[in-house]
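Listed below are the residues making up each chain.
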Amino acid sequence: MEFETHEDAYLFYKDYAKSVGFGTAKLSSRRSRASKEFIDAKFSCIRYGSKQQSDDAINPRASPKIGCKASMHVKRRPDGKWYVYSFVKEHNHELLPEQAHYFRSHRNTELVKSTDTRLRRKKNSPLTDCKHLSAYNDLDFIDGYMRNQHDKGRRLVLDTGDAEILLEFLMRMQEENPKFFFAVDFSEDHLLRNVFWVDAKGIEDYKSFSDVVSFETSYFVSKYKVPIVLFVGVNHHVQPVLLGCGLLADDTVYTYVWLMQSWLVAMGGQKPKVMLTDQNNAIKAAIAAVLPETRHCYCLWHVLDRLPRNLDYWSMWQDTFMKKLFKCIYMSWSEEEFDRRWLKLIDKFHLRDVQWMRSLYEERKFWAPTFMRGITFAGLSTRCRSESVNSLFDRYVHAETSLKEFLEGYGLMLEDRYEEEAKADFDAWHEAPELKSPSPFEKQMLLVYSHEIFRKFQLEVLGAAACHLTRESEEGTTYSVKDFDDDQKYLVDWDEFKSDIYCSCRSFEYKGYLCRHAIVVLQMSGVFTIPINYVLQRWTNAARNRHQISGNLELVQSNIRRFNDLCRRAIILGEEGSLSQESYDIAMFAMKEAFKQCAVKITTIEHPVRCEEAAIQAGHPVQEENQYGSTSNQIGPEANIHAGNVPWQAETRREKRSSLSNTSKKAKHVAQSETGGEGSQEGFQHVAAPRQSQVVLAGQFHNTMPGGHDQCESRNKPGRFNEAF
């Protein structure tokens, strides 16, 4: 192999290094004493050699050099051509081809000038189809933002000893639960810069409540002592769920991109439908880069909170201005009407030359309610912070809270969240809300909605009595509804053919359930059930169910009744089974056998054709189902477990047989001798839900060290129960 110049040789070595996954450096070169031309050059891995440093160095700098021998030595022939004199291929460290663009030698410092180029890069990337690592594919196009000469001084501002406390906390949390995820970002000078972590419960919660996520930066922007940012969601009990925490060094595009990428990897590459943030250009650019398919919106209270800081003479006309502004924001039926009222507003108060007002109008599709049709915020976008679920974290974070105090309170914060959710689940199993009217809407949603959402919806049903409806036109489908409760008039558009209803109060968009104005229109139109497309699964008692609710809400109600009944009975079984080792063994054996039987049943329901073929091949006839969903003959413990030949079920059963084999031997003997395999005086059956894999990122990046080892871990979701005692 020959090269025209030693620079060509180095470019070749760089391309090779990038494809393999290591950074490069020009180790040495030598000129001829006679001609003064280069005659010798050596290129190496950046980890080549060892760092030489004085023992009395005041501020010793960390070095990537760890004694790697990988290198390429080239020499110049008399004819001017360069050839490879020696080549060492082996490295003494891990190679990172997917993260090679992090290395200084492989960075492209020029900004990519168009979105098309970004898309081409993404399309051509060999990792595009990889679910868990594709989150890091698009980092290269923002290198111009990410890495510049000023980047070297950025570091996470912490008190003395806080870095050690933080890293010990992260390692301890992961030791306690291997599904705990964390990532650490170091500067080029090997200083701690950004940190992200999320606990296993947050990862699991995100699977059910990924429709809308709020990125909370209030503590960071307000210069709290702990530069904390939070990813926050909301569960079906209208309780906040913590989906991740970050400690940030600065407010730059690079920082937010790194954070969003780390969070996305932790969540298995599943992108949210809606992301709510503060009005911030760096965050806006980061979300556009990392989450291009996500609808990015500004939280309404963030926008309104900036008004006094951005408008002069605010106090002189505050009341009048806010009245006009609220009319423009909340009462504009169409986009054209919003534009007309906005222009009238800024002319009246002479705000055309205010840059912030201009930018607010230019970004109106990010925050104005008029432009939010077709999405829902699940209560996370409110008029003021006190109404937001994010404010519930204020009790744990204060302006002077130290990092040590925050980490000590982090466990308490999680415990409080888990305790509140457990209590709400318990109430859902043991109590039913009280009906307060004969309304068919109220009866319809009684067992469908969670208690908290049902109470809120119940107020809307009762409030419909205070609404008076008139048709805007004889031919049209738009109605005017006078609400005597707040003395306001609202417009409601109802398309009966499409079962599409839209109210100018935008309750569904902001809260996730229909308002009283929509309910009274449905009543007057002869419709006495809520259309299924306006019943969000995230607000139902089946929010964590792996199956999407269908158009038959009666089926959902039946499932929830069975689920609640079995949960109550499971608690009783737990109390009785824990009284002695013998009763515990009996209960465990009964649950294990019921689990296997119900797994076969679910397989038959979800894959009837394959299961029938597998059962016939194995010599087991397929049982006919009766009207209650059970088979005519009892499936015994010896039933063909591989029916259907479904891989995830086979793996789940192998794992469970392996993990329970030792503990179940005694249980099987006791149960067969004393109970005949029933486990109690009444039958107990448990249905297994399909496992859902979770991958924790393994590779270490240059400047990035995610927590966790390379492993795929599976977990069974909470199952449903098919048969009552």
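You'll find the protein entered in an unreviewed UniProt entry as Protein FAR1-RELATED SEQUENCE, with Arabidopsis arenosa given as the organism. Per UniProt, the protein carries the Function (unreviewed entry) text "Putative transcription activator involved in regulating light control of development."

Glancing now at the overall build of the protein. Looking only at helices and strands, the protein features 22 helices and 19 strands. Burial status across the protein gives 48% buried among its 725 residues. Considering only residue pairs separated by 6 or more positions, the protein has 63% of its internal contacts joining residues 24 or more positions apart.

A word on the pattern of salt bridges. Across all of its chains, the model carries 25 salt bridges by this definition. Among the salt bridges present, the one from Glu337 reaches Arg341, with a minimum N-O distance of 3.0 Å. Pair noted here: Glu337 and Arg341 are both in helix α12 (residues 335-348), with a separation of four residues, about one helical turn. A relative accessible area of 17% means that Glu337 is categorised as buried. The class of Arg341 is partly exposed, set by a relative accessible area of 23%.

Here four strands make up an open sheet; going across it, the order is β13-β14-β15-β16 and the pairing antiparallel. Edge positions in the sheet fall to β13 (467-471) and β16 (500-503), since each has one partner strand and no second. Averaged over all adjacent pairs, the angle separating strand axes in this sheet is 25°, with direction ignored.

Following the criterion strictly, the structure yields 29 aromatic pairs and no others. A centroid spacing of 5.8 Å and a plane angle of 75° characterise the contact between Phe169 and Trp197, whose relative ring orientation is edge-to-face. Separated by 28 residues along the polypeptide, Phe169 in helix α4 (residues 162-176) and Trp197 in strand β7 (residues 192-198) bring together distant segments of the chain. Here the aromatic rings of Phe215 and Phe231 are separated by 4.9 Å at their centres, their planes lie at 35°, and the arrangement is tilted. Placement of Phe215 in strand β8 (residues 212-216) and of Phe231 in strand β9 (residues 228-234) is noted, with a sequence separation of 16 residues between them. Members of the aromatic cluster, joined through ring pairs, are Phe181, Phe196, Tyr206, Phe215, Phe231, Tyr256 and Trp263. Over the ring of Phe349 we find Lys348; its NZ or CZ atom is 5.9 Å from the centre of that ring.

So, on to a positive patch on the surface. A surface patch of positive charge is lined by Lys323, Lys324, Lys327, Lys344 and Lys348. Within the residue set of the positive patch, elements represented by two or more residues are α11 (318-330) and α12. Residue contributions to the positive patch peak at three residues, all from α11. Here Lys323 is to be found in helix α11. For Lys323, a relative accessible area of 66% gives the class exposed.

Attention shifts here to the nonpolar core. Tyr449, Ile501, Val521 and Ile530 are the most contacted members of the largest nonpolar core, which totals 45 residues. If sequence neighbours within four positions are ignored, Ile530 has contacts with Phe441, Gln444, Met445, Phe457, Leu514, Leu522 and Val535. The next biggest cluster of nonpolar side chains, apart from the first, holds 34 residues, and it includes Ile203, Leu243, Ala266 and Val290.

Calculation criteria
- Residues numbered from 1 in each chain as written.
- Predicted model: local features only at pLDDT ≥ 70, side-chain atom pairs only at ≥ 80, totals over all residues.
- Heavy atoms only, no water.
- UniProt positions renumbered as here; feature names shortened; annotations may be inferred.
- Helix = DSSP H or I, 4+ residues; strand = E, 2+ residues; numbered from the N terminus.
- Buried < 20%, exposed > 50% of the residue type's maximum accessible area, 1.4 Å probe, protein only.
- Contact = heavy atoms within 4.5 Å.
- Salt bridge = Lys/Arg side-chain N within 4 Å of Asp/Glu carboxyl O.
- Pairing = 2+ DSSP bridges.
- Axes fitted to C-alpha atoms, helices over the stretch in contact; angles between N-to-C directions.
- Phe/Tyr/Trp six-rings, centres within 6.5 Å; stacked < 30°, edge-to-face > 60°.
- Lys NZ or Arg CZ within 6 Å of the ring centre and 35° of its normal.
- Patch = residues over 30% accessible without salt bridge, like charges linked within 9 Å, V, L, I, M, F, W, Y side chains within 5 Å.
- Areas by Shrake-Rupley, 256 points an atom, 1.4 Å probe, with all protein chains shown as cover.
- Lys, Arg positive; Asp, Glu negative; His and termini not counted.
- Charge placed at Lys NZ, Arg CZ, Asp CG, Glu CD.
- Core = buried A, V, L, I, M, F, W, Y, C linked by side-chain atoms within 4.5 Å.

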